[in-house]
Amino acid sequence: MPVVVVESPAKAKTINKYLGDGYTVLASYGHVRDLPAKDGSVDTEHGFEMTWEIGVDSRKHVKAIADALKDDNALILATDPDREGEAISWHLEETLRKRKAITKDTPVSRVVFNAITKSAVTEAMKNPRQVDAPLVEAYLARRALDYLVGFNLSPVLWRKLPGARSAGRVQSVCLRLIVEREMEIEAFTAREYWSVKAVLTTPRGQDYEARLVSLAGKKLDKFDLENATQAELAVQAITSRTLTVTSVEAKPASRNPSAPFMTSTLQQEASRKFGMGAKQCMSAAQRLYEAGYITYMRTDGIDMAPEAVMAARDAIKDRFGPEYLPKSPRMYKNKAKNAQEAHECIRPTEMTRDAGHIKTSDADQRKLYDLIWKRTLACQMEAARMERTTVEIGSNDGQVGLRATGQVMLFEGFLKVYEEGRDDVSGDEDDRRLPQIMQGEPAAFAKSSLRAEFAKASDGAESTAAVLSPNEAILGLQHFTQPPPRYTEATLVKKMEELGIGRPSTYASVLTTIQDREYVRKEQNRLFPEDKGRIVTVFLINFFRKYVGYEFTANLEEDLDRVSAGEADYKEILARFWRDFSAAIAETSELRITEVLTVLDAALAPTLYPPREDGSDPRQCPLCGTGQLHLKTSRSGGFVGCGNYPECRYTRPIGGDAGEKGDRILGEDENGIEISLRSGRFGPYVQRGEATEENKKPDRASLPKGWSAEAMTLEKALTLLSLPREVGQHPEGGMISANFGRFGPYLMHQSPEEAKPVYANLKDPNDVFEIGMNRAVELLAAKRANPGGRGRAAAKALREMGDHPEHGGPIQILEGRYGPYIKWDKVNATLPKGTEPEDVTMEMAVEAIAAKASKPGKGRKTAAKKPAAKTAAAKKPATKKAPAKKAPAKKTSSAKAPAKRAAAGE
């Protein structure tokens, strides 16, 4: 019977259920081969020939497939329907031919399906084809480019910028977007402007708000009221006049639904509505796809299969009624230039199945499915209809004009199901509902007071000012223009899409890479460049401008799309790229670090040395007063240091001027030595005195977590510099001390009988200064009773996840010394970066366990073999080794692990 190969075990399990006993379904667990990270993997001298290597983790999966083919001599490649899936199929066929697991006579076919449903899989099996050569060539070109950029540019970064990690064809351009946005924000100068509004009332006693739109017979532009004086005059002008409604205009309006999801819009909406990162979103979507709930999730397409459109229309009619159904189906056309990425939109495979009817306990999957289901139904529903009303109010002399706007929803249409989120939400006057207002009637000042809004604006909480009329019905508000917002993952994906940078299969991996490299950090869902990321970006812009250019990167993507369409030779594209790129590498390699730093220092000067309020030289060292500040590098990234080093050891981070960072003299200690607060490469710290030739390392202490530099006082600084603190004599002898160490606050004690001191961790930094003898003795006694190593007390269980779904045995999340981790049997797996224990799902836990168990060393081999042995135990005695080896050749793979997508170099 034929051997069917898919990427993941979850997908294998679902497909095996549809195909039945006539097929052997196995998983490749993602890519089985890649270019080894060494020189020569892409031979630029001999037609860009590539040397491939089977991954250590992939060897057992390839062997399982090869073993199965000994009995079942027919191969069906059923990997994902995109470029990466095509590449995996090609790699598998090439690898198996080299192993002679398949011969010239072995039937090899390729099938693709956009959804893992019985009908889609069955139909695909009826329409086999061969591996798509142009699609594979497009993959080869991308992989070669990523290797050539990463393998040649990254070493240049390592040599010229200590601490830099890597560069990539797409990741460096993505990083540039974030860094340039941060520079825009830093260079932004806020401009003041004022607005004026009034609360008016109809003759029937109904209140409404109107804003000032004309003054002295002239239309007001945004910046016409520049200060409080002009705003006050405007308020007085309105107060002193009688107002009348001059016109009321009501216009019908409609709003159409958004197109169904493709990869980028799904990531954007998941970020807006749930705060999901791109990686988190795609992980949940992958599981929904593999379970057969949605269509393929990596796509540039927004069209929908005709049968799906009709199913959606039937579901809408049954659930909401015929009035919510347009007369004819809505058709959406693909905008994607590259057909290979333009699969069908992301939609549910069954339109009548809402989120309450999918079999998963995972919150992310449930939320994402609900989003996809609602968006899909909404895209085929009737438009929303509303009436938008504009009311013009003016004085008899024409000197003052106000406007009130609002809208009334007449028919909600698709909004009954779904409304698209916005990236930066601001109040919209048009959303207000107006009372009945008639032309020609008076617009009197309302008795409702704006005092509460005035108080809120003028109490300093919002850093704005306000002007209130004596009758408290007219309010002038101060505003300032705002800098462009920092990117979220959603808005960055949108920008990349607009520029033509990256593709659906790479967005999530690129965003993950720049955060893993510590070039970028995410705070409150916004992306901030780290100093290291700034330095790398400025270096690349100055020495490799062409290769981090938006237009160049987009044009290269278009060239690769032409390859996938069979319209271009990928080796010609590689040759053209390598000719110029290798010359740029050779030229930059000759530069000395000092030359590079001089260029970067000049390029970053506006950011590093902004003008000071007192007009003094921004490059003058604030500590010694004579040295000039310069850009320097270290393994932790870039920083600013004094040119008088080593006499002056002043340093500060890249971002902002020292005066703004709070560097200052706090006072003197009892011996008259200055105590100062400083900003270092690793954060703020306090120091006693200055570094001299006699005392090159004066007393220093970093500020503990939770201590702000702004609130630092001399007393607090002296307390820090006095550490370690002596808590008191232990009843059994020896002093107990408290201090901060590499891993946080701790207690230390060594009794006369002990050869080494005992350390006990403290959870609260304040305990270093406040802990008393009784509690200190208790903590040390507990530590001595369970000293670490094998005799260590059991870690505290944070969550009980339940039994492993395939192999049994409890899965727990425990609290460890270095943070929470997942435990099953003898396998301990750390939580993914940025994941809280309460957010871990069973699927995530199983994947982390499988990934950890597959890694050799530290006694993991036994743990890795254990699941296979358990699977085999059902058929043969567990004491025999042979069944464990045959386990992978079952119809579905036994261990559950994510399919690996290769976009590493991007």
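Note that this is a predicted model, so its numbers are computed, not measured.

## A short note on the pattern of salt bridges
Then comes step 1: Applying the stated criterion to the full structure yields 51 salt bridges.
Then comes step 2: Here E557 ties to R142 by a salt bridge, and the two come within 2.7 Å at their closest N and O atoms. Here the residue E557 occupies a position in helix α16 (residues 550-564), and R142 occupies one in helix α5 (residues 133-160), the gap between them amounting to 415 residues. The pair formed by E557 and R142 is uniform in burial state, with each residue classed as buried.
Then comes step 3: With a shortest N-O distance of 2.5 Å, E847 and R287 are connected by a salt bridge. In this pair, E847 sits in helix α24 (residues 842-853) while R287 sits in helix α9 (residues 278-290), placing the two residues 560 residues apart along the sequence.
Then comes step 4: Note on R287: relative accessible area 11%, which makes it buried.
Then comes step 5: When salt bridges that share partners are traced, they join R142, D146, R169, E557 and D561 into one network.

## A closer look at the pairing of strand β34 (residues 827-830)
Then comes step 1: On β34, burial follows the alternation: V827 and A829 on one face are buried, whereas N828 and T830 on the facing-out side are not.
Then comes step 2: In this structure, strand β33 (residues 819-824) lies alongside β34, joined through four bridges in antiparallel fashion. Residue Y821 lies in a different strand from β34, and its bridge partner there is T830.
Then comes step 3: Taken together, β33 and the strand that follows it, β34, pair antiparallel across an intervening segment of two residues, in which D825 is found at a positive phi of about 55 degrees.

## Considering unusual backbone geometry
Peptide bonds are mostly trans, and most non-glycine residues show a negative phi.
Then comes step 1: Residue P724 is bonded to the preceding L723 through a cis peptide linkage, with omega at 5 degrees.
Then comes step 2: A positive phi is found at E472, a non-glycine position, where the angle reads about 60 degrees.
Then comes step 3: Its place among the elements puts E472 in the loop between β16 (466-468) and β17 (474-480).
Then comes step 4: Within the chain, N525 stands out as a residue other than glycine whose phi angle is a positive 70 degrees.
Then comes step 5: Here N525 lies in the loop between β18 (520-523) and β19 (526-529).

## A look at the sheet that holds strand β30 (residues 758-761)
Then comes step 1: Reading across the sheet, the four strands line up as β27-β28-β29-β30 and stay open at both edges, with antiparallel pairing between neighbours. Two strands bound the open sheet, and with one partner strand each, they are β27 (725-729) and β30. Strand after strand, the sheet turns through a mean of 25 degrees between neighbouring axes, direction not considered.
Then comes step 2: Note: β27 against strand β28 (residues 735-741), four bridges, orientation antiparallel. Within β28, the position partnered with E726 by the bridge is S737.
Then comes step 3: Running over the sheet, helix α23 (residues 773-785) touches β27, β28, β29 (744-749) and β30 and is turned about 110 degrees from β30.

## Comments concerning the side chain of Q687
Then comes step 1: Inspection of the secondary structure puts Q687 in strand β25 (residues 683-688).
Then comes step 2: Reaching out from Q687, the side chain makes a polar contact with the backbone oxygen of G689 at a distance of 2.9 Å.
Then comes step 3: Among the polar contacts listed, one links the side chain of Q687 to the side chain of R700, at a separation of 2.6 Å.
Then comes step 4: Excluding anything up to four places from it in sequence, Q687 contacts E674, I675, S676, R678, P698, D699, R700 and L721.

Basis of the calculations
- Residues numbered from 1 in each chain as written.
- Predicted model: local features only at pLDDT ≥ 70, side-chain atom pairs only at ≥ 80, totals over all residues.
- Heavy atoms only, no water.
- Salt bridge = Lys/Arg side-chain N within 4 Å of Asp/Glu carboxyl O.
- Helix = DSSP H or I, 4+ residues; strand = E, 2+ residues; numbered from the N terminus.
- Buried < 20%, exposed > 50% of the residue type's maximum accessible area, 1.4 Å probe, protein only.
- Pairing = 2+ DSSP bridges.
- Axes fitted to C-alpha atoms, helices over the stretch in contact; angles between N-to-C directions.
- Contact = heavy atoms within 4.5 Å.
- Polar contact = N/O pair within 3.5 Å; in protein donor to acceptor, adjacent residues only side chain to side chain.

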